[in-house]
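Summary of structural features
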Amino acid sequence: MIKILFVCHGNICRSPMAEFVLKEKVKELGISDQFYIASAATSTEEIWNGTGSPVYPPAREELAKHGISCGGKHAVQMTRKDYAQYDYLLGADSANIRNMTKIAGGDPEGKICRLLDYSNNPRDIADPWYTGNFTLTYQDIVEGCECFLAHLGYL
């Protein structure tokens, strides 16, 4: 089983969008049983008294436009233990990568990278919390997930 953890700053926009996009893609390919897919935050900003915020409404709405549900997802923070538990820890941007590496205590196995590092145009995925452009974020995530699956040999 391939274990993937998507990570962004708050775990309410980009990383849950990536989590549910990839879950949908592997379901469409009939290979869901070969994957464990989750998402987390580098910060605790969206976690209050141990309870994480749900997916931000515009992110949830963008997924819903494409027939993807993210119901029940709440923000959680990445932990040092996640490094050992996952095969791939995929961040949305360079700041996430720095913070993920700090949380993990390094990256000796080379498991941490940006999702779009698997594309032909490696780059950060802009945070729609600031840009307001959830459609562009969704498109970048789809590109990244498809390129990642191609890297793994599934597309």
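Residues numbered from 1 in each chain as written. Predicted model: local features only at pLDDT ≥ 70, side-chain atom pairs only at ≥ 80, totals over all residues. Heavy atoms only, no water.

**What to know about the pairing of strand β2 (residues 35–41)**
- Most of β2 is tucked away: 6 of the 7 residues are buried.
- Sheet analysis places strand β1 (residues 2–8) next to β2, joined by 7 bridges and oriented parallel. Directly across from phenylalanine 6, in β2, lies its bridge partner serine 39. (Buried < 20%, exposed > 50% of the residue type's maximum accessible area, 1.4 Å probe, protein only. Helix = DSSP H or I, 4+ residues; strand = E, 2+ residues; numbered from the N terminus. Pairing = 2+ DSSP bridges.)

**What about the pattern of salt bridges?**
- A complete count under the given rule lists 11 salt bridges for this structure.
- Between arginine 14 and aspartate 127 there is a salt bridge, with the nearest N and O atoms lying 3.5 Å from each other. Taken as a pair, arginine 14 in helix α1 (residues 14–28) and aspartate 127 in the loop between β6 (112–114) and α5 (128–131) lie far apart in primary sequence, 113 residues in all. Accessibility assignment for this pair places arginine 14 and aspartate 127 in one class, buried.
- For glutamate 143, the salt bridge goes to arginine 123, with nearest N and O atoms at 2.6 Å. Separated by 20 residues along the polypeptide, glutamate 143 in helix α6 (residues 134–152) and arginine 123 in the loop between β6 and α5 bring together distant segments of the chain. (Salt bridge = Lys/Arg side-chain N within 4 Å of Asp/Glu carboxyl O.)

**Looking at the packing of aromatic side chains**
- Taken as a whole, this structure holds 6 aromatic pairs when the rule is applied.
- Between the aromatic rings of tyrosine 56 and phenylalanine 134, the centroid separation amounts to 6.0 Å while the plane-to-plane angle is 35°, which identifies the pairing as tilted. In this pair, tyrosine 56 sits in the loop between β4 (51–52) and α2 (57–65) while phenylalanine 134 sits in helix α6, placing the two residues 78 residues apart along the sequence.
- Overall, the relative accessible area of 27% leaves tyrosine 56 in the partly exposed class.
- Of the residues examined, phenylalanine 134 reaches a relative accessible area of 9% and is grouped as buried.
- A network of ring pairs unites the aromatic residues Tyr56, Trp129 and Phe134 as a single cluster.
- The positively charged end of lysine 111 is found above the aromatic ring belonging to tyrosine 83, 4.8 Å away from the centroid. (Phe/Tyr/Trp six-rings, centres within 6.5 Å; stacked < 30°, edge-to-face > 60°. Lys NZ or Arg CZ within 6 Å of the ring centre and 35° of its normal.)

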